[in-house]
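# Breakdown of the fold
One-letter residues, chain by chain:
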Amino acid sequence: MTQTAAPLGLCPSRRALRALAVLACLPYISLKIAWVAGSEIGIPAGSRLLDDRALMAAVNAVSVVMDAAVVVLALLLTQAWGRRLPAWLLAFPMWVATGLIAPIMVGFPAQTVVSLFTAAEPVRAREPFLDSWVFTVVYGGFILQGLALGTLFVLYARDRWRTVWRGTLGELPARLSGAGVRAAAAAAALIALVPATVHVQWAAGSTTGLPAVRIAERDGDFYVLEGLRLLFLAVAVVSVLALMFRGHPSFRVRTVLGLGWIGSAGVGCWGGYLLLVTYMPETDPAKQASGLMQLTYAGEMITGFLLAGCLAVFLRRRSASA
């Protein structure tokens, strides 16, 4: 994507958003650093997080680096030197950040609402993992990060690439997608049927492919997350197909493009993360991930990355034509 001539002015509101994004990282980073140093704050006795302290320290160290990247992105989006970076060097980290944070921004409030209606139900026995306040503090920070960083990115993209999202789908020339890209989008839609089918079954109460511990711990949160996975899959596939095949001519490009960006990121990045988790060492057969779980998460990851590739080609060609 090429750079436009629009100036990047760092107004007080952008400074405030940058400060909010940075400050919102502190709770998560502070907890992770404490855990790397050996602290057990927020971790109840008997938690499986304490089973392998070396592995926990390594994973937490990586998490600190990943969340620190939010600080770098906040600076990049509000500094003049950030305008000189190649488009891909900004777009890919922002896509990953979107994919990791957006599902939390939707899922955590939804789980909170559901918990208000299920508070009177019997609590299922659950293995200790983290104290409840940790989720509130960490996910609350993620939501603030997402709001601040997302707004900064939209403002940045408006200044630098406003031409790529203007107009309606009916005004798009066919050459912006092409037969190859449309075939890739169609292939992604077919692959998405695999994880979608599995998530529908799990949301309907099926236990096929679920480990014994996951079956025993199913509650409102479990079904919210299953519904969320289906929502992101549907949004990703429908939006990108509409963009590639020029769906309803009156739809705004920016709306469809934005939904495709968020949907593909949520599907691809969370699918990749969950797939990675299934390969973590686990000796208890009741907790080991099944082949169906790995197939499901792999299908989501492949779907998300294929759709993101389609968006990347569209954006590059739209920018060049503009």
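Anything mentioned here points back to the structure above.
Values in this document were obtained by computation on a predicted structure and should not be read as measured data.

### As for the overall build of the protein
Looking only at helices and strands, the protein has nine helices and zero strands in total. For the protein, the succession of helices and strands along the chain, N to C, is α-α-α-α-α-α-α-α-α. The globule rule puts the C-alpha radius of gyration for 322 residues at 20 Å, and the 21 Å found for the protein is close to it. Counting only C-alpha atoms, the protein reaches 60 × 45 × 35 Å along its principal axes. Long-range pairs, those at least 24 residues apart, make up 85% of the contacts in the protein with a sequence separation of at least 6. With an accessible surface of roughly 15700 Å², the protein has 69% of that area assigned to carbon and sulfur atoms. Of note, the protein has its 26 positive side-chain charges centred 21 Å away from the centre of its 16 negative side-chain charges.

### Looking at the packing of aromatic side chains
Any aromatic ring pair is given by two values, namely how distant the centres are and how the planes are angled relative to each other. Evaluated as defined, the whole model comprises 10 aromatic pairs. Considering the side-chain rings of phenylalanine 222 and tyrosine 223, the 5.1 Å spacing of their centres and the 90 degrees angle between planes classify their relative orientation as edge-to-face. Every member of this aromatic cluster is reached through a ring pair, and the members are Tyr28, Phe108, Phe135, Tyr139 and Phe142.

### Re the nonpolar core
Core analysis: the biggest nonpolar cluster contains 57 residues, and Leu77, Leu90, Leu243 and Phe314 have the highest contact counts within it. Of all the elements in the fold, those that place two or more residues in this core are α1 (12-36), α2 (53-76), α3 (87-118), α4 (132-161), α5 (178-203), α7 (220-244), α8 (253-278) and α9 (291-321). Sort the elements by how many residues they give to this core and α7 lands first, with nine residues. When residues no more than four places from it in sequence are discounted, the contact partners of phenylalanine 314 are Val164, Leu172, Leu176, Leu243, Met244, Val253 and Leu257. Counting 14 residues, the second-largest nonpolar core is a separate cluster that includes Leu31, Ile43, Leu50 and Met56.

### So, α2
Between its first and last C-alpha atoms α2 spans 35 Å; for 24 residues at 1.5 Å apiece the expected length is 34 Å, and the two agree. Within α2, burial applies to Met56, Asn60, Ser63, Val64, Asp67, Val70, Leu73, Ala74 and Leu76. Where the residues of α2 are buried, they touch α1, α3 and α4.

### What to know about the side chain of arginine 14
Here arginine 14 is to be found in helix α1. A relative accessible area of 6% places arginine 14 in the buried class.

### Topic: the pattern of salt bridges
One pass over the full model with this rule turns up five salt bridges. With a closest N to O distance of 2.4 Å, glutamate 40 and arginine 53 form a salt bridge. Of this pair, glutamate 40 sits in the loop between α1 and α2 while arginine 53 sits in helix α2, and the two are 13 residues apart along the sequence. With its nearest N and O atoms 3.9 Å apart, the salt bridge here joins arginine 158 to aspartate 159. Since its relative accessible area comes to 38%, arginine 158 is described here as partly exposed. The buried category is assigned to aspartate 159, whose relative accessible area is 5%.

### What to know about the packing of α1 against α2
Running from amino to carboxyl end, α1 crosses α2 at an angle of 170 degrees, the nearest separation of the two axes being 9 Å. Comparing their axes, α2 and α1 come out roughly antiparallel. In terms of crossing hand, the pair formed by α1 and α2 is left-handed. Of α2, the residues touching α1 (which contributes Arg18, Ala21, Val22, Cys25, Tyr28, Ile29, Lys32, Ile33, Trp35 and Val36) are Met56, Ala57, Asn60, Ala61, Ser63, Val64, Asp67, Ala68, Val70, Val71, Ala74 and Leu75. When grouped by side-chain class, the residues that make up the contact of α1 with α2 number 17 nonpolar, two polar and three charged.

Criteria and cut-off values
- Residues numbered from 1 in each chain as written.
- Predicted model: local features only at pLDDT ≥ 70, side-chain atom pairs only at ≥ 80, totals over all residues.
- Heavy atoms only, no water.
- Helix = DSSP H or I, 4+ residues; strand = E, 2+ residues; numbered from the N terminus.
- Rg over C-alpha atoms; globule rule 2.2 N^0.38 Å.
- Contact = heavy atoms within 4.5 Å.
- Areas by Shrake-Rupley, 256 points an atom, 1.4 Å probe, with all protein chains shown as cover.
- Lys, Arg positive; Asp, Glu negative; His and termini not counted.
- Charge placed at Lys NZ, Arg CZ, Asp CG, Glu CD.
- Phe/Tyr/Trp six-rings, centres within 6.5 Å; stacked < 30°, edge-to-face > 60°.
- Core = buried A, V, L, I, M, F, W, Y, C linked by side-chain atoms within 4.5 Å.
- Buried < 20%, exposed > 50% of the residue type's maximum accessible area, 1.4 Å probe, protein only.
- Expected span 1.5 Å × (residues − 1).
- Salt bridge = Lys/Arg side-chain N within 4 Å of Asp/Glu carboxyl O.
- Axes fitted to C-alpha atoms, helices over the stretch in contact; angles between N-to-C directions.
- Parallel < 35°, antiparallel > 145°, perpendicular 65-115°, else oblique.
- Left-handed = near helix turned anticlockwise from the far one by under 90°.
- Nonpolar A, V, L, I, M, F, W, Y, C, P; charged D, E, K, R; others polar.

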